Amino acid sequence: MRIFDFVPIRSIMTLKEINISYKEYGGIGELPEEDKELALAAVKATESSYSPYSGFRVGAALRLSTGEIIRGSNQENIAYPSGLCAERTAMFYASAAYPDADITAIAIAASQKGEICEKPATPCGACRQVMAEYQTKTGQNMKIILTGTRQVMVFEKVDDILPFLFDSLK
Ligand code: THU
C-alpha cells in the first residue's frame, strides 16, 4: 500500500473560527458582590503559599454548591515537579473533602514581593484541564475569575479558557 493511495484527488479545506468572550474589569472593586467576595478570598489565599523557590505566591478560592468557600495556594518542593499549583491544590482538596459538592466558581490571585500583582495570573494548562474535569463531572458551568489589582478577567465557563478541552474517551 502506498501512501498516496489514501490522498483524495481534490481536498476541500474549511477555515473555522471560534469566538471566545470574557468580561474585563479595572479592579476587584468593580466586580459584582459574589465575584468580589471570591476574588478577595483568592487574595487572602496567597498568604498561605509555600513558594520559597519562585517567590510567586498564588491563591485560589472556590465557591461550592453548598455555599462554602474553599481556599488553596501553591505548594512548592525542592524537587520542583513535586510541587503543585494553587488551583489544583484547592480543587483536589475540595473534591476529596466534599465529594458531592459542585465547584461553581474559582478565583485566582498572585502576589510577588508582598504586593498583589496588577495583572491576573492565568492558570497553566494542567490546571485548566482539571477545571474541565470537574465542570464535566457536575454538568454545571464553572466561572473563572482571574484577579489582578488593575485588571480582572471573568470567564463564564472552562471552555472559554480551554477551547477544545479533552472531556471524552470516545
Ligand atoms: N503557579 C500556580 O500556582 N498557579 C498558576 O496558575 C501558575 C503557576 C505556581 C507554580 C509555582 O509554584 C509558581 O507559581 C511559579 O510557577
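Our subject is the structure that appears above.
Conventions adopted
- Residues numbered from 1 in each chain as written.
- Predicted model: local features only at pLDDT ≥ 70, side-chain atom pairs only at ≥ 80, totals over all residues.
- Heavy atoms only, no water.
- 1 Å grid on protein atoms, 1.4 Å probe; cavity = no way out; pocket = protein on both sides within 12 Å on 5 of 7 lines; lining within 4 Å.
- Points joined across faces, edges and corners; volume = space filled by probe spheres on them.
- Helix = DSSP H or I, 4+ residues; strand = E, 2+ residues; numbered from the N terminus.
- Nonpolar A, V, L, I, M, F, W, Y, C, P; charged D, E, K, R; others polar.
- Buried < 20%, exposed > 50% of the residue type's maximum accessible area, 1.4 Å probe, protein only.
- Pairing = 2+ DSSP bridges.
- Near = heavy atom within 4 Å.
- Polar contact = N/O pair within 3.5 Å; in protein donor to acceptor, adjacent residues only side chain to side chain.
- Areas by Shrake-Rupley, 256 points an atom, 1.4 Å probe, with all protein chains shown as cover.
- Sits in = over half its atoms within 2 Å of the grid points.

Novice: In this structure, what is going on with empty space enclosed by the protein? I would like to understand it.
Specialist: One water molecule sets the probe size; rolling that probe over the atoms shows where empty space is left. This model, assessed by the stated rule, comprises 1 cavity of 30 Å³ or more. Roughly 60 Å³ of volume is contained in the largest cavity. Considering the residues around the largest cavity, the lining is formed by L64, A94, S95, Y98, P99, A101, I103, Y134, K137 and T138. Among the elements that take part in the lining of the largest cavity, helix α3 (residues 125-138) stands out by supplying 3 residues, more than any other. For the lining of the largest cavity, the class distribution of residues is 7 nonpolar, 2 polar and 1 charged.

Novice: What is the right way to read the pairing of strand β2 (residues 56-64) from this model?
Specialist: Within a regular strand, the side chains alternate between the two sheet faces. In terms of residue burial, β2 counts as a mostly covered element, since 7 of its 9 residues are buried. Two strands pair when backbone bridges link them, and β2 and strand β4 (residues 103-112) are joined in this way by 9 bridges, in the antiparallel orientation. When the sheet's bridge partners are listed, A60 is paired in β4 with I108. Alignment of β2 against strand β3 (residues 69-73), held across 5 bridges, turns out to be antiparallel. Note that in β3 the partner of R63 across the bridge is I69.

Novice: I would appreciate a short explanation of the site of the ligand in the present structure.
Specialist: Around the ligand sit S54, F56, V58, N74, E76, C85, A86, E87, T122, P123 and C124, and that is every residue in its neighbourhood. Here an oxygen atom of the ligand and a side-chain polar atom of N74 are 3.0 Å apart. A distance of 2.6 Å separates an oxygen atom of the ligand from a polar atom in the side chain of E87. A total of 380 Å² of accessible area belongs to the ligand in isolation, and the protein chains cover 75% of it. With respect to the pocket detection grid, the ligand is positioned in the largest pocket. Of all the secondary structure elements, the ones that give two or more residues to the shell around the ligand are β2 and α2 (86-97).

By themselves these figures say nothing about function.
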